[in-house]
Amino acid sequence: MGAPTPSREIGVPGAPGSRFVREMFELLFKYPAAVFSRGRFVLLGGWPKWVLGVLALLALAGLGWQTYSRLRRQSHSLKNWQAGVIWALESLLICLLLLLLWQPAMVVAELKPQQNIVAVLIDDSRSMGIRDGSASREQQAAAALRNGVLAKLQERFQTRLYRIDTQLTRIDSLEDITDATAPATHIGASLKQLARDTSDLPIGAVVLLSDGADNAGGIDLDAISALRNRHLPVHTVGFGPETVSPDVEINDAVLAPRALADSRVSATVSFHQSGYAGQKGRLTAREGDKMLASRDITFAGDGKMQMENLLFNAGEAGAKAIEFGLEPMPGERNPLNNRVVRLVHVDSEKRRILYVEGEPRWEYKFIRRAEDDDKLVQIVSMLRTTENKIYRQGISGPDELADGFPNRAEDLFTYQGLMIGSVEAGYFTPAQQDLIREFVDRRGGGLLWLGGHSSLADGVWGGSSLVDLLPVILPNKKDTFHRATATAELTPIGADSLICRLVDDRQSNLERWKKLPYLMDYQEAGTPKPGAAVLAQMNAGGRKLPMLITENYGRGRTAVLATSGTWRWKMSQPLGDTTHDMFWQQLLRWLVSDTPGRVVASASSQTLLDDGHIRLFADVSDETYNAAPGADVEAHVMGPDGITAMVDMTPVADKPGSFQADWTAEKPGSYVAQLTAAQNGKELGEDVLDFQRLDGVAENFHTEQNRDLLERLAAQTGGRYWRPEELSKLADEIPYSEAGITMSETKQLWNLPIVFLAILGLRAAEWLLRRRWGIV
C-alpha cells in the first residue's frame, strides 16, 4: 500500500471566529462581502463630484476656525491636541453627511435569474463514505442539499448535478448518490473537465461538496487557470472533522530502491498520530508473511511528524515488496492507513574492487579474509612485494593487471570500487591519476584510501592531482602515521550509518564500538572538508582524530580510513566473533553498491496510485562511461495476468545519453521493466526497474478534512469556503459572479446600519469628550 505524503501539519483547525466575523459583517453592512469585493463604488447624486470636494474642504476649514476661536474663548486650559480631536470628530461627521447627500452605492455584476447554470459537484470517493456520527460524509452532503439548499438554488438558477471521483459524471438527481465507493478523487482533473465540457454553457458558479481528499497530489495550475479564464468561482463546502482522533497514520517510508543481496537495508518511516501521545506502539517491516524487523516506539505529541528507522536484511535477489506498518492501537478509527508498501530491487550481480597495496602487512591479509565470505564483493588485488614486482590475487585470468595498474578507461572502469593502501601518490602516473578521477567522477565508482606510512600526507597525496577527491584537507607535514595504539568510537552520524552498524540497536551499537580492541596504529588524516561526514573517530594520545570520513564526489563517493590496525578486531576477539568481518563487508558494500552500470533505469514514481501512467527514464553510457546519445533503447515491460509490452524510448532534448518513454499500467499489480541499450549493433547494457499500481489505497490516507485545499481553491477562483451549517446563505451570495450571463445591480449604501452607527458614534464621542474636558 502507498499514499501521497503531504508535508502539511495534521489537525490544524480553521481560523477561530471567522464565522462570527462574517455574520457581523453582513449585519452591519447589509450585503454579503462579495458585493464590496467585486463591486464598484459610485456616487449616484446629480451634482458634480468636485462640488463634494469643495464643500468638504470648506467645511473642514470652517470647523477648524470655529473650533479654534470658540473653544479657546470658553476654555483657556484646552490643549491644542484636544482641540484637534474635537475638530476631527466634527469634520468626519460633516464629511459623512455630505457623502450621503451624493447617494453612495455599489454597482456589482449579478447573475440573471434562471439564465445561468450552477454546477453542483458531490465527491463520491471512498473517504466520503466514512461515517462521522450517524451518517457518512456523502450522506451529510446530500442531506444538506435536500434541506432547502438545492431548492433555493433552483429558484434562482438552473442547476446541474455531478458526481466526481477520478472523473466527472453528470447525474439526474440526488437519488443517484449512493454509498461512496469510488477508489480515488481527482478534484483538479474533474474541474478541468467541467470547464472543458461546459465551454458553451452559461455556468455562473460551481459548488463543490467534498472532504478535500484529492489523490492526485493537489489541484494544479492548469485547473486553476481553466476556471479563472472563465471567471468561474468555486464555492467549496467542507465535510468531515479536521482532526481524526484517535488514529495513527503512516506518512511515508523512505529507503534505497536497490540493494545488494543479503545486505542490511535502512528504512526511515514517518508517521503522525492523534490521541495516543506518550503511548507505546510497534513498528514492523514484513515481506509477505515474513517478519523482517520490528521495534517498539513511543508516540510523540498529537499531530507531530515522527520519524523512526528500521533495519532489515534484504535477503535473496529479486523484486521485494516490503510492507511497513504500525500495529493497530486500541480504539483506532482507521487502521487501514497504518501500512504502506515500498519496492526494493535486490541485486546479486558480483561487484569487483581493485585493491592496490604498497607493502605486505596484516591489514591486507585480514581484509582479504573478511571478503572471502562475501559472495557478492570480490577483491582483485595488486600487492607490491618489491620495487618492481607485483603479486596479483583474485584475477579473472592471466592477462588481468599483467601490465600493472590500468592505463585505459575501459580496463579500470570494469571495476566498481578502488582501494589504495600504503602507496605513495607518485606510484601512479599523471595519466593514471586522471583516470582515477574519472573513475569516481564520471564512472561513479567508489574510492577508499587506507592509512599507512606511505599513505595520505606521508604519501604526498596532498600534492597530487587527486587532492580534490579526498574528503579531508591533509596536514601540511610528514610523519603523520604513528605506530601507537588508539581506540575507536562512533560519532552521532556514524551511529546512524549502515557502514558502522555492528548490532541493530543504536545505543547498543555505540557501546559495542567503545568496547572494541584497540587499534595498532593511527594516522592524522587532517581536517574534514565541509561536505564530508565523519563516521568514526579515534582517541589517540589524548586527542580525538577523525578515523572514517566519507564524501560524495561527482557520480561516485570517496572515503578515508585513517588506520591500518583494524586487524586486531579479529585477532583479539573470541573465536567466531564477526565484528571485523562485518565492518569490512559493510564498508566495501557501501563503496560499490551505488556504482552504476552503463544503463541506469528510473521512473517518475515506483508506486502508481489509481492512475497507471508512468514515465520511464534511462541514462545510457558507452564503454568509457561517456554519454551514448545515439543508442537504441527499449523497455520490455511485464505485469500481472501476462501483460507484456515492448516500448521504444526516445532521446530527451538537451540531455545527451538520456532517454524516456511514457506507458500506462492498465491493471493494478506489480510490474517489471527491463531496459536494454545497444549502439551500432553492439549491446551496451541493461537494467531492471520494478514498479506497482495500487488502486483504492490512497483513499485510506489523510481521511481528515483537507480544509486548507478547499479554502485555497475557493480563494484562488473567487469563491468562498463554507461550513455545512452556513449553507442557508449560499443562494444569496452565489449571484455575485462575473461568469455566465450577468446584469449590473446597484446597491444603495446610505441606509447601511454601519452608517447610522457611525453618525451616532461620532456625535456621542464628541459630546463625551466635551463633558470630560469641561467644554460643553
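Conventions and cut-offs
- Each chain has its residues counted from 1, following the order in which its sequence is written.
- Totals for whole chains, interfaces and linings use every residue, but because this is a predicted model, local features are given only for residues with pLDDT of at least 70 and side-chain atom pairs only at 80 or more, for both listing and counting.
- The basis for every side-chain value is the complete set of non-hydrogen atoms in the structure, without hydrogens or water.
- By definition here, a salt bridge exists when the distance from a side-chain nitrogen of Lys or Arg to a carboxyl oxygen of Asp or Glu is within 4 Å.
- Runs of E in the DSSP output that reach at least two residues are strands. Runs of H or I that reach at least four are helices, and both are numbered from the N terminus.
- Each residue is placed in one exposure class: buried if its accessible area under a 1.4 Å probe, protein chains only, is under 20% of its type's maximum, exposed if it is over 50%, and partly exposed if it falls in between.
- Note: domain ranges come from an automatic or database domain assignment.
- Throughout, a contact is declared for two residues whenever any of their heavy atoms are within 4.5 Å.
- Buried area, as used here, totals the accessible surface that two parts lose on assembly, with accessibility defined by a 1.4 Å probe and the loss added over both.
- Multiplying one less than the number of residues by 1.5 Å gives the expected span of a helix.
- Values of bend correspond, residue by residue, to the angle between axes fitted over the seven residues ending at that residue and the seven starting there.
- Here, a strand pair is defined by DSSP locating no fewer than two bridges between the strands.
- For helices, the fitted axis covers only the stretch in contact; all axes are lines through C-alpha atoms, and the angles between them, taken along N-to-C directions, range from 0 to 180 degrees.
- By convention a nonpolar core is built from buried Ala, Val, Leu, Ile, Met, Phe, Trp, Tyr and Cys residues, the set being connected through side-chain atoms within 4.5 Å.
- Our angle categories are set so that under 35 degrees counts as roughly parallel, over 145 as roughly antiparallel, 65 to 115 as roughly perpendicular, and the remainder as oblique.
- By definition, turning the near helix anticlockwise from the far helix through less than a right angle yields a left-handed crossing, and turning it clockwise yields a right-handed one.
- To count toward a patch, a residue needs a relative accessible area above 30% and no salt bridge. Like charges then connect within 9 Å, nonpolar side chains (Val, Leu, Ile, Met, Phe, Trp, Tyr) within 5 Å.
- Working definition of accessibility: Shrake-Rupley area with a 1.4 Å probe, residue cover restricted to the visible protein chains.

Caption draft 1: Structural context of the pattern of salt bridges. The full count for this structure, using the stated rule, is 41 salt bridges. As a salt-bridge pair, Arg258 and Asp687 come within 2.8 Å of each other at their nearest N and O atoms. On the criterion of sequence distance, the pair formed by Arg258 in strand β9 (residues 258-260) and Asp687 in strand β37 (residues 682-694) is long-range, its members being 429 residues apart. Assessed through its relative accessible area of 35%, Arg258 is described here as partly exposed. Through salt bridges with shared partners, a single ionic network connects Glu90, Arg763, Glu766 and Arg770.

Caption draft 2: Region of the structure containing the domain arrangement of the chain. For the chain, the assigned domains are domain 1 (15-30 + 45-102 + 751-773), domain 2 (111-243 + 703-745), domain 3 (247-344), domain 4 (351-575) and domain 5 (599-698). Taking only C-alpha atoms, the centre of domain 3 and the centre of domain 4 are 35 Å apart. Contacts between domain 3 and domain 4 engage 6 residues on the former and 7 residues on the latter. Overall, the association of domain 3 and domain 4 removes approximately 650 Å² of surface from exposure, summing both partners, and the carbon and sulfur fraction of that is 62%. Three residues stand out in domain 3 for area buried against domain 4, namely Leu260, Arg264 and Leu311, and they jointly supply 80% of the buried area on that side. Counting across the domain 3 and domain 4 interface gives 1 salt bridge. Close ionic contact of Arg264 with Asp504 constitutes a salt bridge, the shortest N to O distance being 3.0 Å.

Caption draft 3: Representation of helix α5 (residues 137-156). Look at α5: 27 Å from first C-alpha to last across 20 residues, which is about the 28 Å you get at 1.5 Å a residue. Along its length, α5 reaches its greatest deviation from straightness, about 60 degrees, at Arg146. Along α5, the positions that sit buried rather than exposed are Arg137, Glu138, Ala141, Ala142, Ala144, Leu145, Val149, Leu150 and Leu153. On its buried face, α5 sits against β3 (117-123), β4 (158-164), β6 (203-210) and α16 (730-733).

Caption draft 4: The sheet that holds β6, seen in detail. Spatially, 6 strands are ordered β5-β4-β3-β6-β7-β38 in an open sheet, and the strand pairing comes out mixed. Each end of this open sheet is capped by a strand with a single partner; those strands are β5 (168-171) and β38 (721-722). Examined bridge by bridge, β3 and β4 share 7 bridges and lie parallel to one another. Bridging across to β4, Leu121 finds its partner in Tyr162. Where α5 meets the sheet, its contacts fall on β3, β4 and β6, and the angle it forms with β3 comes to roughly 170 degrees.

Caption draft 5: Fine view of the nonpolar core. In terms of nonpolar packing, the biggest core is built from 77 residues, with Met419, Leu448, Trp513, Phe583, Trp584 and Leu588 touching the most fellow members. When residues no more than four places from it in sequence are discounted, the contact partners of Phe583 are Ile499, Leu502, Trp513, Leu548, Leu561 and Trp569. Listed in part, the 34 residues of the second largest apolar core include Ala261, Phe299, Val346 and Leu376.

Caption draft 6: The arrangement of the packing of helix α6 (residues 187-197) against helix α7 (residues 221-229) in detail. The interhelical angle for the contact between α6 and α7, taken along N-to-C directions, is 30 degrees, at an axis separation of 9 Å. Between α6 and α7, the crossing angle belongs to the class labelled roughly parallel. Crossing angle aside, the handedness with which α6 passes α7 is left-handed. Residues Gly188, Leu191, Lys192 and Ala195 of α6 touch α7, and the partners they reach there are Asp222, Ala223, Ala226 and Leu227.

Caption draft 7: Expanded view of unusual backbone geometry. In this structure, Pro246 follows Ser245 across a cis peptide bond, with omega equal to -5 degrees. Following the sequence through the fold, Pro246 ends up in the loop between β7 (234-238) and β8 (247-254). Not every positive phi belongs to a glycine, and Gln114 is a case in point at roughly 60 degrees. The phi dihedral of Asp610 is positive, around 70 degrees, even though this residue is not glycine. Here Asp610 is to be found in the loop between β30 (607-609) and β31 (613-620). Under the relative-accessibility criterion, Asp610 is labelled buried at 9%.

Caption draft 8: Broad picture of a nonpolar patch on the surface. A surface patch of nonpolar side chains, about 400 Å² in accessible area, is lined by Phe20, Val21, Met24 and Leu27. Topologically, Phe20 is positioned in helix α1 (residues 18-29). With a relative accessible area of 54%, Phe20 lands in the exposed category.

Caption draft 9: Representation of helix α10 (residues 430-441) in the model. Here α10 is 12 residues long and its end C-alpha atoms lie 16 Å apart, about the 16 Å a rise of 1.5 Å per residue gives. Taken residue by residue, α10 has Gln432, Gln433, Leu435, Ile436, Arg437, Phe439 and Val440 as its buried positions. Check the buried side of α10 and you find it contacts α9 (409-412), β19 (417-420), β20 (446-450), β27 (543-553) and β28 (556-561).

Caption draft 10: Here's a closer look at the sheet that holds strand β12 (residues 290-298). One open sheet holds the 5 strands; their spatial order is β9-β15-β14-β11-β12, and the pairing between them is mixed. Both edges of this open sheet fall to β9 and β12, since each of them pairs with a single strand only. In this sheet, neighbouring strand axes are inclined to one another by 30 degrees on average, regardless of whether the strands run parallel or antiparallel. Bridge count for strand β11 (residues 280-287) against strand β14 (residues 318-326) is 4 bridges, and the pairing is antiparallel. By the bridge assignment, Ala285 is partnered in β14 with Phe324.

Caption draft 11: Structural detail: the pairing of strand β36 (residues 669-679). Pairing geometry for strand β32 (residues 632-638) and β36, over 7 bridges, is antiparallel. Bridged to Val637 within β36 is Ala673. Sheet analysis places β36 next to β37, joined by 11 bridges and oriented antiparallel. Looking across to β37, one finds that Gln674 is bridged to Val688. Taken together, β36 and the strand that follows it, β37, pair antiparallel across an intervening segment of 2 residues, in which Asn680 is found at a positive phi of about 55 degrees.

Caption draft 12: The arrangement of the environment of Thr480 in detail. With respect to the element layout, Thr480 can be found in the loop between β21 (472-473) and β22 (481-482). A sequence separation of 104 residues divides Thr480 from Trp584, and the C-alpha atoms of the two residues are 24 Å apart. Once residues lying within four places of it in the same chain are set aside, the contact partners of Thr480 are Ala457, Asp458, Pro475, Tyr522, Gln523 and Glu524.

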